Amino acid sequence: MDVGTFVGLIAGVGLMLWAIMSKSELSNFVDVGSVVMVIGGAMCAAMISFPIRNLLGIARVVKKTIFVKSGDPKALIKDLVGYAEVARRDGILALEDTLKGVDDTFIVTGIQMAIDGTDPEVIEQILVSEWEAVAERHADGKALFDNLGRYAPAFGMIGTLVGLVIMLKNMDDPSSIGDGMAIALLTTLYGALASNLVALPLADKLAVRSKDELLLKSIVIKGVMAIQSGDNPRVVEQKLLTFLPYNQRPTPEDAKSEAA
Amino acid sequence: MDVGTFVGLIAGVGLMLWAIMSKSELSNFVDVGSVVMVIGGAMCAAMISFPIRNLLGIARVVKKTIFVKSGDPKALIKDLVGYAEVARRDGILALEDTLKGVDDTFIVTGIQMAIDGTDPEVIEQILVSEWEAVAERHADGKALFDNLGRYAPAFGMIGTLVGLVIMLKNMDDPSSIGDGMAIALLTTLYGALASNLVALPLADKLAVRSKDELLLKSIVIKGVMAIQSGDNPRVVEQKLLTFLPYNQRPTPEDAKSEAA
Amino acid sequence: MDVGTFVGLIAGVGLMLWAIMSKSELSNFVDVGSVVMVIGGAMCAAMISFPIRNLLGIARVVKKTIFVKSGDPKALIKDLVGYAEVARRDGILALEDTLKGVDDTFIVTGIQMAIDGTDPEVIEQILVSEWEAVAERHADGKALFDNLGRYAPAFGMIGTLVGLVIMLKNMDDPSSIGDGMAIALLTTLYGALASNLVALPLADKLAVRSKDELLLKSIVIKGVMAIQSGDNPRVVEQKLLTFLPYNQRPTPEDAKSEAA
Amino acid sequence: MDVGTFVGLIAGVGLMLWAIMSKSELSNFVDVGSVVMVIGGAMCAAMISFPIRNLLGIARVVKKTIFVKSGDPKALIKDLVGYAEVARRDGILALEDTLKGVDDTFIVTGIQMAIDGTDPEVIEQILVSEWEAVAERHADGKALFDNLGRYAPAFGMIGTLVGLVIMLKNMDDPSSIGDGMAIALLTTLYGALASNLVALPLADKLAVRSKDELLLKSIVIKGVMAIQSGDNPRVVEQKLLTFLPYNQRPTPEDAKSEAA
Amino acid sequence: MDVGTFVGLIAGVGLMLWAIMSKSELSNFVDVGSVVMVIGGAMCAAMISFPIRNLLGIARVVKKTIFVKSGDPKALIKDLVGYAEVARRDGILALEDTLKGVDDTFIVTGIQMAIDGTDPEVIEQILVSEWEAVAERHADGKALFDNLGRYAPAFGMIGTLVGLVIMLKNMDDPSSIGDGMAIALLTTLYGALASNLVALPLADKLAVRSKDELLLKSIVIKGVMAIQSGDNPRVVEQKLLTFLPYNQRPTPEDAKSEAA
């Protein structure tokens, strides 16, 4: 669960409500037709832009990416080093039991192939192409939000143009001009909010989460390949730690004693 | 037939009609001259931007890319593995009969060259340069739609400027100001719709379809080259499956038994 | 002569005239001072942006690129294969006579160096650096039009600001406000037209033409080098055909018989 | 302490105050609600865009990058050459004493590993991955400011739209129109200032500072590796001087005598 | 002295003055406060964006790049070939006398190192890193002008917003509305002019000049290295001529006789 996303969204909406209600009434800012225009228009554009299968898959990826907490690389490295120790001590077949308690299908698939004696090149190829498929699904998710962030303001402007034409055609009653124009502006307001408070920031967050998750998968690939080749658990750890920045690693003293 | 494109377009147009007709009359939003200005202007810009031969070829590519359903990579791989089995069992010449039932001229050309004993390098070179030509035709198609998506709003604005100047020159009759301005805004509205509901989303969709089709062609090239070199059908399959993401592949158990 | 460019320009101008004259008088849209402001301003910016020698050279390149029809790659390949046959049959010196009827100085220079026994590396180096110089001249031409396409609207806006300030300073006579504002808007209109109907589309067309012409030059370079090394004319043809897309090549049957 | 940043910020704010107070009263330009809208909205967008841990870390990096003066590469090179002399003269273990007076943990870590006899490849790998982590933290900092520079004007426009709708709904009292519109424009003004006077220039400055600091770290890495391999201090100096531009180096005469 | 820059600037300013004075009075367009706002604001942003040392160095680079005429590559090549002839005929030490009359410190430094018998690798490294430092100084200069071209319109808009708020707060006197708005628009006008007539075109010109000057430096580096290695003057010439486009080179006949 990504706290920042929810706090940011709720605070942003609260901010808007406070800004409106401190000086006016909320009802002045609610127009169902305008909402339909902006959100509906942007969704139509998205349906034309992307294949339907992508749209469905994207929803799932987005949900998973935002709600599921991404793992901790240090814990993952510790786990993988543990597997390497088991394999070193009891033979690689002993990992079969260990795998039973593991949830991550990516790790299970990789190690299972190693246990089965699959050719290392084939293992790496399969894991890497899964990595690439995940990266592409994430990129599709980001592309969808960037797309919505681009079309929501465009349909906001389209709605305002429609409202302005309606208003200009009914100028006989001057008292209605203010009202007509206020409603016309609402679609632009909705489009700007949908884009700047929701779509574009979520696109950015998806990019960050994708990077985190792909780092984990990269660590797994390197770890599985090291386990498969029967590396010493210390060597496995050292190889995997290179994925971590300095300040998330063991202290130099540890590194020294390990390298000794 | 790409369902999303049609649903998106029809829903988008329906949305506009609903938005207009629930508060005004459609006739207020129809002005043939404004349509001619925006669409005509954007087309003139496209005629200057691209050679005529491209414009004609592009129409064909676009039609094909949107209306023809792109093939299924898994079925294609199955077919190619089948050809490899025939070639392995009965000799490559036996493929001549098999080819008679195949529609895809790209596959036919490739395998025919293999049957004829054409030099492998020449086969690959010819197929790759066709791949590149297809990629370029798709890119030309996308460029045209991006171009229209850029010039339609520009000519929308130009039309509005013309309308505003006309209105400002006729300010003697104040009652006509609203009407004149409403008409002036229509070109901007048309330009925004042509760009955001049609041209730009179609450009995005073309890019996706192009990627799909080029993937199929890449699989064919790798498959033909493997068949030509007399690879074992299992090896052919394994080579081709690397083009597919993980979740579209046979399960690891299958992969294991194949690798065994 | 590139027909599309002229048809597009004339149709675009005709469209504007029709749009204006069907609802107003042309005289309302003509203001010499505004034309001078927009075109003059954009040209001043171009003079500061580019060295004068570039501006002069660019005019020549643009004229040549738009008015001279680019050659046909298939005819060029046929010519080069013909030269290869002469060289093969009668010795490379026999090409001296053949060259007399050739207009393209790029071909003449290349083959003349081959006849003179110039070192192949030097030949290639000289031809390639000419290729690069042509590419750069074309890129300079495109940059100039992109530049005008960027500055024309900017000076259009500057002109409108000047017009607005003048109008606002003369608000004593309300009847002149409409007129003043109409004139102020003309520079923005001119800038938008100069950019979207002329400068930007021409920049795109220049890029396409440049690609075509550089392809021809690439074919010549590869052809001259093959002739110089005494390649078999069939081999020369095969090498050069790789520059062409599939559907512009001889049919596979031809390719087969040639490869046999 | 980066003087330019402070002078620029203070001069910019002073300029605004002068511009306002010479023609109006400051109170006309202060509206707490508008400030909250713009800054709060941009911050909500940032919270959704970036993980919370990044936001916290970024504050630290920014503070350090702006307030801490970046070191002088020439002095650093002199120091490193000094360490190389000690190592050459008294053995690498003699550096242990020297390190006690050194503040820079990056240098200390590197040399300590060299003293401990850590494998050179491991040393380099650890230092390089720290370099990359620093580069990424700096890039995160720049991304945050670019983000604020993009969202502040967006929420400024959103605030203005809200203000306009409120104003248009209260047009019964014409005397309040000017006031309502003035307040509506304040959020756009705040957004433009926050973006153009603070966020975007700071993003640029962070990029420059990052480049400076990473250069220092690159020099340290090369220096530590040279000391570790027992290079002659003259060779160490020559290697490190290649990081400096010409005019910050010893004169050619010096270089000559050293190379002799 | 770059004539185009001055003619363009003077013609552009003249154009503005003519446009203004033919329809209004210059005094309507002069407002010192607005100038201070736009130029001062953009300069504050630049001070925050770049380190002060860069700003100072940039002024020098810009002056030199715009006012100093860049050399002629052909003359430079002739000079370098001349030095190669001296070195070949009288030994490299004989160049010491020749150098006395040479102004270009880059050439002097390079050849002096060759005379002194400095290691060729060291010579090249020092010259190349100076090349890179020059390239970076030029890029800094371009970045500053791009920066001003971006911030000047931004502060123009900020000034207009300030002016509009002041005007809206003083709507009691309707006769002053026109005046207030005219003054408010002046900052936008100044910002657009500063950006489109000065900053952005100068940034483009700097890029062109930088390319020219770096080409000269590249020729010097290649020339010095060839002289150092004792190449035949003909070979030196041929190597250096590859930097020139075709139509600036000796004719093919010359090339032929030289290659013979």
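Residues numbered from 1 in each chain as written. Chains lettered and ligands numbered in written order. Predicted model: local features only at pLDDT ≥ 70, side-chain atom pairs only at ≥ 80, totals over all residues. Heavy atoms only, no water.

### Some remarks on the overall build of chain A
If you tally the helices and strands in chain A, you get ten helices and zero strands. Secondary structure elements in chain A, listed N-terminal to C-terminal, are α-α-α-α-α-α-α-α-α-α. Relative to its length of 260 residues, chain A is extended, with a C-alpha radius of gyration of 26 Å against a globular reference of 18 Å. Projected onto the principal axes, the alpha-carbon positions of chain A cover approximately 90 × 40 × 25 Å. In chain A, buried positions account for 52% of the 260 residues. Of all intrachain contacts in chain A linking residues separated by at least 6 positions in sequence, the fraction that spans at least 24 positions is 77%. Just so you have it, chain A exposes about 11,400 Å², and 62% of that area is on carbon and sulfur atoms. The positive charge centre, built from 24 side chains, and the negative charge centre, built from 31, are 3 Å apart in chain A. (Helix = DSSP H or I, 4+ residues; strand = E, 2+ residues; numbered from the N terminus. Rg over C-alpha atoms; globule rule 2.2 N^0.38 Å. Buried < 20%, exposed > 50% of the residue type's maximum accessible area, 1.4 Å probe, protein only. Contact = heavy atoms within 4.5 Å. Areas by Shrake-Rupley, 256 points an atom, 1.4 Å probe, with all protein chains shown as cover. Lys, Arg positive; Asp, Glu negative; His and termini not counted. Charge placed at Lys NZ, Arg CZ, Asp CG, Glu CD.)

### Quick notes on the interface of chain B and chain A
On the chain A side, the residues contacting the 48 residues of chain B number 43 residues. Taken together, the two surfaces of chain B and chain A that pack against each other cover about 3,900 Å², and 72% of this comes from carbon and sulfur. Counting every contact that joins chain B to chain A gives four salt bridges. Connecting chain B to chain A are four residue pairs in polar contact (both at pLDDT 80 or more). Of the residues forming the side of chain B that touches chain A, the biggest block, 20 residues, is contributed by helix H8 (residues 177-228) of chain B. Taken together, the residues of the side of chain B that touches chain A break down into 28 nonpolar, twelve polar and eight charged. (Buried area = accessible area lost by both parts, 1.4 Å probe. Salt bridge = Lys/Arg side-chain N within 4 Å of Asp/Glu carboxyl O. Polar contact = N/O pair within 3.5 Å; in protein donor to acceptor, adjacent residues only side chain to side chain. Nonpolar A, V, L, I, M, F, W, Y, C, P; charged D, E, K, R; others polar.)

### Some points on the relation of the copies chain B and chain A
For the pair chain B and chain A, the superposition axis carries a translation of 0.0 Å, the fit reaches an RMSD of 0.0 Å, and the rotation angle comes to 72°. The symmetry that links the two subunits is that of a five-fold axis. (Least-squares fit on C-alpha atoms with pLDDT ≥ 70 in both.)

### Observations concerning the interface of chain C and chain B
Often, the extent of an interface is quoted as the loss of accessible area on bringing the components together. If you look at the interface, chain C gives 48 residues, while chain B gives 43 residues. Across the chain C/chain B interface, buried area totals approximately 3,800 Å², and carbon plus sulfur atoms make up 72% of it. Between Lys169(B) and Asp179(C) there is a salt bridge, and its shortest N-O distance comes to 3.8 Å. At the boundary of chain C with chain B, the tally comes to four residue pairs in polar contact (both at pLDDT 80 or more). Sorting the residues of the side of chain C that touches chain B by element identifies helix H1 (3-21), helix H8 (177-228) and helix H10 (252-259) of chain C as the ones contributing at least two each. Looking at the side of chain C that touches chain B, the element that brings in the most residues is H8(C), giving 20 residues. For the side of chain C that touches chain B, the per-class residue count stands at 28 nonpolar, twelve polar and eight charged.

### Thoughts on helix H8 (residues 177-228) of chain E
Residues and elements named next belong to chain E. Counted at 1.5 Å a residue, the expected span for H8 with its 52 residues is 76 Å, and the 75 Å between its end C-alpha atoms agrees. When you tally the buried positions in H8, you get 39 out of 52 residues, the bulk of the element. Gly230, located one to two residues past H8, shows a positive phi value of around 70°. (Expected span 1.5 Å × (residues − 1).)

### A few points about the environment of Ile126(A)
Along the chain, Ile126(A) falls in helix H7 (residues 120-169). Sequence separation of Ile126(A) and Ile221(A) is 95 residues, and the distance between their C-alpha atoms is 9.9 Å.

### Thoughts on the packing of helix H1 (residues 3-21) of chain D against helix H2 (residues 32-49) of chain E
Taken N-terminus to C-terminus, the directions of H1(D) and H2(E) make an angle of 160°; their axes are 8 Å apart at the nearest point. What the angle tells us is that H1(D) and H2(E) run roughly antiparallel. Relative to H2(E), H1(D) is oriented so that their crossing is left-handed. Residue-level contacts link Gly4(D), Thr5(D), Val7(D), Gly8(D), Leu9(D), Ala11(D), Gly12(D), Leu15(D), Met16(D), Trp18(D) and Ala19(D) of H1(D) to Gly33(E), Val36(E), Met37(E), Gly40(E), Gly41(E), Cys44(E), Met47(E) and Ile48(E) of H2(E). (Axes fitted to C-alpha atoms, helices over the stretch in contact; angles between N-to-C directions. Parallel < 35°, antiparallel > 145°, perpendicular 65-115°, else oblique. Left-handed = near helix turned anticlockwise from the far one by under 90°.)

### Points about the packing of aromatic side chains
Under the defined criterion, the tally for this structure stands at zero aromatic pairs over all chains. The ring of Tyr151(A) has Arg150(A) sitting right over it, with the charged end atom 5.1 Å from the ring centre. The positively charged end of Lys217(E) is found above the aromatic ring belonging to Phe106(E), 4.7 Å away from the centroid. (Phe/Tyr/Trp six-rings, centres within 6.5 Å; stacked < 30°, edge-to-face > 60°. Lys NZ or Arg CZ within 6 Å of the ring centre and 35° of its normal.)

### Concerning the environment of Asp2(B)
Residue and element names in this part refer to chain B. Following the sequence through the fold, Asp2 ends up in the segment before helix H1 (3-21). Taking the C-alpha atoms as reference points, Asp2 and Ile66, 64 residues apart in sequence, are found 6.1 Å from one another. Ignoring sequence-local partners within four residues, the contact set of Asp2 consists of Ile66, Lys205 and Arg209.

### A short note on the arrangement of the chains
Without any contact between them, chain A and chain E keep their closest C-alpha atoms 18 Å apart. There is no contact between chain B and chain E; across them, the least C-alpha separation is 18 Å.

### Details of the side chain of Thr160(D)
All names here are of chain D. By secondary structure assignment, the location of Thr160 is in helix H7 (residues 120-169). Under the relative-accessibility criterion, Thr160 is labelled buried at 9%. If we ignore the near neighbours within four places in the chain, the residues touching Thr160 are Ala184, Leu185, Thr187 and Thr188.

### A few points about helix H1 (residues 3-21) of chain E
Residues and elements named next belong to chain E. Taking 1.5 Å of rise per residue, 19 residues should cover 27 Å, and H1 covers 27 Å from first to last C-alpha, within 8% of that figure. Regarding H1, the residues found buried are Gly4, Thr5, Gly8, Gly12, Leu15, Met16, Ala19 and Ile20. The buried residues of H1 occupy one face: seen down the axis, they fall within an arc of 125°. Along H1, exposed side chains directed more than 90 degrees from the buried face belong to Ile10 and Met21. (Arc of directions from axis to C-beta.)

### Remarks on the pattern of salt bridges
Where side chains of opposite charge bring their charged atoms close, a pairing between them can arise. A complete count under the given rule lists 50 salt bridges over all chains for this structure. Between Lys100(C) and Asp97(C) there is a salt bridge; the shortest N-O distance is 3.3 Å. Look at Asp97(C) and you get exposed, because its relative accessible area is 54%. In this structure, the salt-bridge partner of Asp31(E) is Lys23(D), at a minimum N-O distance of 3.9 Å.

### Focus on the packing of helix H6 (residues 105-115) of chain E against helix H7 (residues 120-169) of chain E
Residues and elements named next belong to chain E. Their axes nearest at 10 Å, the elements H6 and H7 cross at an angle of 170°. By the criterion of interaxial angle, the relationship of H6 to H7 is roughly antiparallel. Classified by chirality, the crossing of H7 by H6 is right-handed. Between H6 and H7, the contacting residues are Phe106, Gly110, Met113 and Ala114 on the first element and Ile123, Ile126, Leu127 and Glu130 on the second. In terms of residue class, the contact of H6 with H7 is made up of six nonpolar, one polar and one charged.

### A closer look at the side chain of Ser195(E)
Position of Ser195(E) among the secondary structure elements: in helix H8. Excluding its chain neighbours within four sequence positions, the residues that come into contact with Ser195(E) are Gly149(E), Ala152(E), Pro153(E), Leu200(E) and Pro201(E).

### As for a nonpolar patch on the surface
Nonpolar side chains collect at one region of the surface, where Val13(A), Leu17(A), Met21(A), Leu26(A), Val30(A), Val32(A), Val36(A) and Trp18(B) lie side by side and expose about 690 Å² of accessible area between them. Breaking the nonpolar patch down by element, the ones donating at least two residues are helix H1 (3-21) and helix H2 (32-49) of chain A. The element that contributes the greatest number of residues to the nonpolar patch is H1(A), accounting for three residues. Structurally, Val32(A) can be placed in helix H2. (Patch = residues over 30% accessible without salt bridge, like charges linked within 9 Å, V, L, I, M, F, W, Y side chains within 5 Å.)

### Things to note about the environment of Gly8(B)
Looking at the secondary structure, you find Gly8(B) in helix H1. Considered as a pair, Gly8(B) and Ala75(B) are 67 residues apart in the sequence and their alpha carbons are 28 Å apart. For Gly8(B), the residues in contact, after removing those within four places along its chain, are Cys44(A), Met47(A) and Ile48(A).

### Let's talk about the confidence of the model for chain A
Residues and elements named next belong to chain A. Averaged over every residue, the pLDDT of chain A is 87; the share at 70 or more is 93%. Model confidence for chain A, summarised as mean pLDDT per element, is weakest for helix H10 (residues 252-259) at 47 and strongest for H2 at 94. Here the predicted complex scores 0.89 on pTM and 0.85 on ipTM. (pLDDT = per-residue confidence, 0-100.)

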